[in-house]
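Structural features, examined
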Amino acid sequence: SSSGDPRDLHSFPTRRSSDLIMAGGSGERFWPLSRSLRPKQFLRMDGSGDTLLAQAIKAVEPLIPARDIHIATGVALAEATRELVPLIPETNYILEPERRNTAGCLILAAARFLASGDTDATLAVLAADHRIADTGRFRDVIRTALAAAEREDALVTLGVAPDRPETGYGYIEAADDTINIPGADRIEVHPVLRFREKPDRDTAASYIATGRFLWNSGMFFWRLPVFLRELESASPALARAARDMAEAIARGDGKSLEILFRGLPAISIDYALMEKAGRVLVVRADFGWDDIGAWDVLDRTAERDGMGNVAIGDPVMVDCRDCIVVNQPGRKAAAVVGVEGLAVIVTDDAVLVIPKDRAQDVRKVVAELKKRGAEQV
């Protein structure tokens, strides 16, 4: 990044920025295609031929070069992830011994930056399972978010204008006031009034009616000192853990690092920090966004036939309406007849049949299979 006139957005970020892509999730709602050792970020969900993780890197790389892109993932996924994205330097992997949700991931990342001596880093925290329609506008929004994080010494998130009363996302209530970020091209920045948890449908509709609520995208931007300052106020034990882990990394004490990490609570960064922080801004994102969260996303992102069906893998569909049918290439033929509103997913060793409006409930299936010790997870 370059320095220059502070009134010009393109002079920001004035510090060298790093990107952290969180890629350690299990993608349970995309079972049976997504598995514990082949999670959804490894899947190819469109015709581009790229995995979701590769798409995430391509979306940001013209702004933040590969040398400054870090990937946080689980130890068990490290080798497969490196094979998928060999352009990322080996030293840029942040490996979690086990899952501790997004707070654990980001505290470990903070510790890594502290231990490396990059104590004033500006960080863009992105995800490996988002669909970005307009990558050029996406980078413009990221520039604005990084500039806001630097100029305002705030935690910054991206909020997406809702187009439906979605119950699977959290919501952000934005203040009417705007923060002036010089050079931003019609990109609005607002103080955050409060975060709201995933609502029921009626509550979501009431949020949308006000015009003040945005979907919580789960993307964050901050300077490392600001992150640690706000974490110290919101969750002192977690801030202390970040510094303790940094010391363990600096002295090469992997055993102590693992013990400290395993002692972290499994909690999201929203609960641990964002909802309690004193200074949070939201950038209104307008680049075409979708969370690749569950099978019903294909209704919004894949081509549909004249009956509203999405067919992937050449299944046979007779007299079906508004269905999603995925037939993974293999020995099985899939045929669906006379149904409406179903998602049917067929692999060589598993079949899922579920109403599309209950796509979030696939997690319950995976939980039951784990309880039974099934090998198909």
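Below you will find a few notes about this structure.

Reading the values: rules and limits
Residues numbered from 1 in each chain as written. Predicted model: local features only at pLDDT ≥ 70, side-chain atom pairs only at ≥ 80, totals over all residues. Heavy atoms only, no water. Helix = DSSP H or I, 4+ residues; strand = E, 2+ residues; numbered from the N terminus. Buried < 20%, exposed > 50% of the residue type's maximum accessible area, 1.4 Å probe, protein only. Lys, Arg positive; Asp, Glu negative; His and termini not counted. Salt bridge = Lys/Arg side-chain N within 4 Å of Asp/Glu carboxyl O. Contact = heavy atoms within 4.5 Å. Phe/Tyr/Trp six-rings, centres within 6.5 Å; stacked < 30°, edge-to-face > 60°. Lys NZ or Arg CZ within 6 Å of the ring centre and 35° of its normal. Polar contact = N/O pair within 3.5 Å; in protein donor to acceptor, adjacent residues only side chain to side chain. Disulfide = S-S within 2.5 Å. Pairing = 2+ DSSP bridges. Axes fitted to C-alpha atoms, helices over the stretch in contact; angles between N-to-C directions.

Some remarks on the side chain of D270
Examined against the element boundaries, D270 turns out to sit in helix 9 (residues 269-274). The buried charged residue D270 lacks any salt bridge, with K198 as its nearest oppositely charged partner at 9.2 Å. Each residue touching D270, except ones within four places of it in the same chain, is listed here: F195, N216, F220 and E275.

Focus on the environment of D319
Examined against the element boundaries, D319 turns out to sit in the loop between strand 13 (316-318) and strand 14 (324-327). For D319, a relative accessible area of 65% translates into the label exposed. D319 sits 17 residues away from V336 along the chain, and the two C-alpha atoms are 8.5 Å apart. Residues in contact with D319, not counting those within four places in the same chain, are G338 and V339.

Focus on the pattern of salt bridges
For the coordinates displayed, the defined rule picks out 31 salt bridges. In this structure, E28 and K370 form a salt bridge, with 2.7 Å as the shortest nitrogen-oxygen distance. Separated by 342 residues along the polypeptide, E28 in the loop between strand 1 (17-22) and helix 1 (52-60) and K370 in helix 11 (residues 362-372) bring together distant segments of the chain. Judged by relative accessible area, which is 21%, E28 ranks as partly exposed. For K370, a relative accessible area of 44% translates into the label partly exposed.

A short note on the packing of aromatic side chains
If you walk through the whole model with that rule in mind, you get 9 aromatic pairs. An aromatic cluster of three or more residues is present, and its members are Y169, W215 and W289. Directly above the ring of Y93 sits R82, whose terminal nitrogen or CZ lies 5.0 Å from the centroid.

A few points about the side chain of R100
Mapped onto the secondary structure, R100 falls in the loop between strand 3 (93-96) and helix 3 (101-116). Here R100 falls in the buried class, since its relative accessible area comes to 14%. For R100, the side chain forms a polar contact with the main-chain oxygen of R262, separated by 2.8 Å.

What about the state of the cysteines?
Applying the stated criterion across every chain yields a total of 0 disulfides. C320 takes part in no disulfide bond, and the closest cysteine sulfur, belonging to C323, lies 4.9 Å away. With relative accessibility at 3%, the residue C320 sits in the buried group.

Notes on the sheet that holds strand 12 (residues 310-312)
Pairing is mixed in the open sheet, where 4 strands are placed in the order 12-14-16-17. Every interior strand has two partners, whereas the edge strands, strand 12 and strand 17 (351-355), have only one. Across the sheet, the axes of successive neighbouring strands diverge by a mean angle of 5°, strand direction being ignored. In this structure, strand 16 (residues 342-346) lies alongside strand 17, joined through 5 bridges in antiparallel fashion. Note on strand 17: the bridge partner recorded for I345 is L352.

Some details on the environment of L106
Among the secondary structure elements, L106 is positioned in helix 3. Looking at L106, the relative accessible area reads 2%, which means it is buried. Here L106 is in contact with L20, M22, V125, W222, F227 and I269, once residues within four sequence places are set aside.

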